[in-house]
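# Architecture and fold: a report
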Amino acid sequence: MKLTAPLIYGLIACILLVSAPHAGHLPLWVSAICSALLAWRAYLTWNGNPLPARWLLLVVTFACVLAIAATFHTLFGREVGVTLLILLATLKLLEIRAVRDVTVLIYLSCFIIITNFFYSQSIPTALFMLVTLLVIMATWVHMQTGDLAFKPRLRIAGILLLQAIPLSLIIFVLFPRVQGPLWGMPQDAYASSGLSDSMAPGSLSRLSLSDAVAFRVVFNGKAPPSDQMYWRGPVLWDFDGTSWKRGRNATLLRPVLTDATTPVDYTVTLEAHNKPWLFVLDMPAKISIPADLAPDFQVLSRTPVNARTRYSATSLLSYRANLGEPPQQLQRALALPQGYNPQARKLAAEWRTRSDSDMALVRTALDYFNRNGFEYSLEPPLLGTDSVDDFIFTTKKGFCEHYAGSFVFLMRAAGLPSRVVTGYQGGEYNNLGGYYILRQYDAHAWAEVWLRERGWVRIDPTAAIAPARIQSGLNAALPNNATLPFLARTQSPLLLKLRFNLDALTNQWNQWVLGYNTERQFAFLTRLGMEDITWKKLAVNMLSGVALLVGIFTLIMLRRLSAHPADAVQAIWLKACRKLEKAGLPRAPHEGAMDYAARIAAARPELSEDIHDLAARYASLRYGGEAGKDGLAAFGNAVRAFKL
Amino acid sequence: MNTAINKVITQTEQVILGKPRQIRLALTCLLARGHLLIEDLPGVGKTTLAHVLARTLGLQFQRIQFTSDMLPADILGVSIYQRDSGEFKFHAGPIFAQMILADEVNRATPKTQSALLEAMEEHQVTSEGETRPLPTPFFVIATQNPTNQIGTFPLPESQLDRFLMRIQLGYPDAQAERGLLSGIERRDLIAKLAPQMETAELMELQQQVRQVFVSPALLDYVQAILRHTRESARFVHGLSPRAGLSLLAAARAWALLDGRNAVIPEDIQAVLPGVASHRLQSVQDVQTSGGDNLARELIEAVAIP
């Protein structure tokens, strides 16, 4: 094998392809240096110049490592590791001197492929890495075969990858899983968006600009109507004049549902959002993963959700929620900061005297919102210190957080215990995949009031102003020129279908490839008829599957080799060649029998007669068209008798 | 083995010193009914080789020195008006001979070159509407100066393909050169040479070449070679099917010269440099075609199946 220019270009392409996706999160200077080094290498090869001196490379390497240490303030961890790996692999290109270096680089490229999945596990990333792997394999084939042209090289690489598919399937399905996500790292901190534990004017409308998926839901059975689809997230109790916060619950008692009916079962696949809340329909009754039910019916995971998580849950759609709410909690549900929003307080006091029941009070408030020219808008005007006053009497334009927040303020001012609930509402049905998608722009805020006979009752003031928001989603409720994310706007049926298709595919990928954890594996294998699954059994099955496949491939290849005509003669001749090879006189693959015999005779004159005889027999049997049973047997005997 | 052919070889080797392989290849070419192109510097014995072969085989010999002002009629012949009979009479050109030495064929213009090459291909000459067959056997040895010399019209690849083989003579080794310098003048030697073979015998041999056995295993090897030239990135083009046929024909003749009636891989390897080198071009060095090294590399790259 020679270190030809095309081989070097192949290696440059490998390194370029594997590190290209990293360019987005590597420090800018690292990307710049790597590109410069690759360009330098290509330039050297193009001109046939010698490689830079070792000391120069050493200096550059040390400088780079120091710079990395200075940038990250450490030399440990995932980011630093990946950065170092890419930089060093690129530098390695500049000191290729032997076949060994090429092999090292090819293995390194394969390893860097893996690191790309730390950052993204999407289908496009996987496809891109597949192409990259093909290029790496083609380069490897190039190294092995020397001067094969590009197309046959690519074909061999493709065949190799295709042959690897059944093997990787077996290993993927059977490899014993550890709990946790495939690519999860302990300190994973995704900069992902989602509902936070506080709400101020503008916080949800900001979320509505994102079309990122929050979670997907499959209902077992009939899905509830969309005006019942309230996905409960953080419950906010404490108001400080501007923002609503979760605060601290004054009780540890589990909340109680009475007269609860209409159960709904569903499975949620929640995207990582780095907060502990799990979203469930109002009101949750059961959940399949370890989680706590807070006194305000919030379901909290024990650790932040930093990887895609699947859970099944049961909710009850009709209920009386926590009739026995402790007095300290009711006290919290009435607390208001001193000195804010005098006009709203006055209005609330007036309503209180006018209404003969709590329910009538609620109705008055909703009527008020409905009749006084309030608008639903993504871009509400800014509010002053007395935000509720400003909103109710001046601007009258707001998003769901404005309505939920001021409604709860008014209710508390009127003496009715109430709280804000945030979460997601509605969702989009993907009829191809049979599931609902909830995106960030489905984020919503509503209110709950506590009535003596009914417990906590959900009141959605947004529904009073823009019922379409609840019935058919955000887009229907907003004027056309609103700056909604692309996906939330109305589209042609074709685009919609394409989008559903893509999302259904992504969902399958998430469920079956990325989400293929211990549970899924057991469920899948049980369905295939495997019993009493233990990791030992999995390992044994996997290894025997691999052995079986490799065996089959080997058999096919041997078959193909031996399917050759005149193979018997060839086999006997090869036996003789092996004897000579053991004696240190191997035959070159291109060496004919006669030439070989002449060479042997020159090296070992005492063998001359025998080997010439064998070669002549072989030539006449294989090439002379004289293959008869007798000749073959005699040849076999001669080879057997042939001693060194 | 045919003793006559051995005598031919021995006698030729006495005059052309230190070139047994080239002599065998030239004879192989003749027996396989192909034509031979010798590419080398002036003065290394191209003409002598042709002369000796013609004398030894008892063939009628003609030498044509190609020049840049030569016309096709100078080779093929021309019809001249006869005053006494009042008719046109065809005066046969030098091509009407059993062995032609076309010296410095790349000095002539392409028009003249193609006149020769067409005659080689078709074994006949068509002039003024009349077709005249060329004598049998008909064997052309063309010589060519290295193409990078001034004042040459290099033969295009398609024309090179008409030659079964291209060989190089090269300088003689020290011992052969001493023999050459101290021996008798070659010209006198040639004059004394006696034919060692009847023409009928030669044609019989040519017939025998076609009957040399080729086994499927050997065809596998030939195909492996052809496939390698087509798949490898070393060559501009792979070998054509015609090149494959030529390779086989030459290998048959070589086997017969070696006294065998079946072709073995060594025969293929022996003739491959001659048959393939002018048909292959290295990717790295597009300027000069072939070279024996390229063919040797090809041999080493293909395992015998």
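All of the points below concern the structure found in this document. (Residues numbered from 1 in each chain as written. Chains lettered and ligands numbered in written order. Predicted model: local features only at pLDDT ≥ 70, side-chain atom pairs only at ≥ 80, totals over all residues. Heavy atoms only, no water.)

### Thoughts on the sheet that holds strand β10 (residues 291–293) of chain A
Whether parallel or antiparallel, the strands of a sheet pair through hydrogen bonds between backbone atoms. Here three strands make up an open sheet; going across it, the order is β7-β11-β10 (chain A) and the pairing antiparallel. The sheet is open, and its two edges are formed by β7 (277–278) and β10 of chain A, each paired on a single side. (Pairing = 2+ DSSP bridges. Helix = DSSP H or I, 4+ residues; strand = E, 2+ residues; numbered from the N terminus.)

### Observations concerning the packing of aromatic side chains
To describe a pair of aromatic rings, one takes the distance between the centres and the angle between the planes. Residues and elements named next belong to chain A. Per the counting criterion, the structure on display carries 31 aromatic pairs over all chains. An angle of 25° between the planes, with centres 5.1 Å apart, marks the rings of Phe172 and Tyr516 as stacked. Of this pair, Phe172 sits in helix α7 (residues 150–174) while Tyr516 sits in the loop between α17 (493–514) and α18 (518–527), and the two are 344 residues apart along the sequence. Measuring from ring centre to ring centre gives 5.4 Å for Phe215 and Phe279, while their planes differ by 10°; the resulting arrangement is stacked. Here Phe279 lies in the loop between β7 and β8 (280–281) and Phe215 lies in strand β2 (residues 213–220), a separation of 64 residues in the sequence. As far as burial versus exposure is concerned, Phe215 and Phe279 are alike and both buried. Grouped by ring-pair contacts, the aromatic residues Phe215, Phe219, Trp231, Tyr266, Phe279, Tyr424, Tyr429 and Tyr436 constitute a single cluster. Over the ring of Tyr119 we find Arg78, and its NZ or CZ is 4.9 Å from the ring centre. For the cation-ring pair, Arg419 lies above Trp456, with the distance from its terminal atom to the ring centre recorded as 3.6 Å. (Phe/Tyr/Trp six-rings, centres within 6.5 Å; stacked < 30°, edge-to-face > 60°. Buried < 20%, exposed > 50% of the residue type's maximum accessible area, 1.4 Å probe, protein only. Lys NZ or Arg CZ within 6 Å of the ring centre and 35° of its normal.)

### Some thoughts on the layout of surface pockets
All names here are of chain A. As a volume, the second largest pocket reaches approximately 1,300 Å³. Taken together, 29 residues line the second largest pocket, and the ones lying closest to its centre are Phe117, Leu130, Leu133, Ser168 and Phe172. The set of elements that each furnish at least two residues to the lining of the second largest pocket consists of α5 (99–119), α6 (123–145), α7 and α17. Considering only residue class, the lining of the second largest pocket consists of 26 nonpolar, two polar and one charged. (1 Å grid on protein atoms, 1.4 Å probe; cavity = no way out; pocket = protein on both sides within 12 Å on 5 of 7 lines; lining within 4 Å. Points joined across faces, edges and corners; volume = space filled by probe spheres on them. Nonpolar A, V, L, I, M, F, W, Y, C, P; charged D, E, K, R; others polar.)

### A closer look at the nonpolar core
Phe635(A), Leu27(B), Leu36(B), Ile141(B), Met165(B), Ile268(B) and Val271(B) are the most contacted members of the largest nonpolar core, which has 96 residues in total. The element that contributes the greatest number of residues to this core is helix α11 (residues 241–257) of chain B, accounting for 10 residues. Each residue touching Ile268(B), except ones within four places of it in the same chain, is listed here: Leu218(B), Tyr221(B), Val222(B), Ile225(B), Leu247(B), Leu248(B), Ala251(B) and Val263(B). (Core = buried A, V, L, I, M, F, W, Y, C linked by side-chain atoms within 4.5 Å. Contact = heavy atoms within 4.5 Å.)

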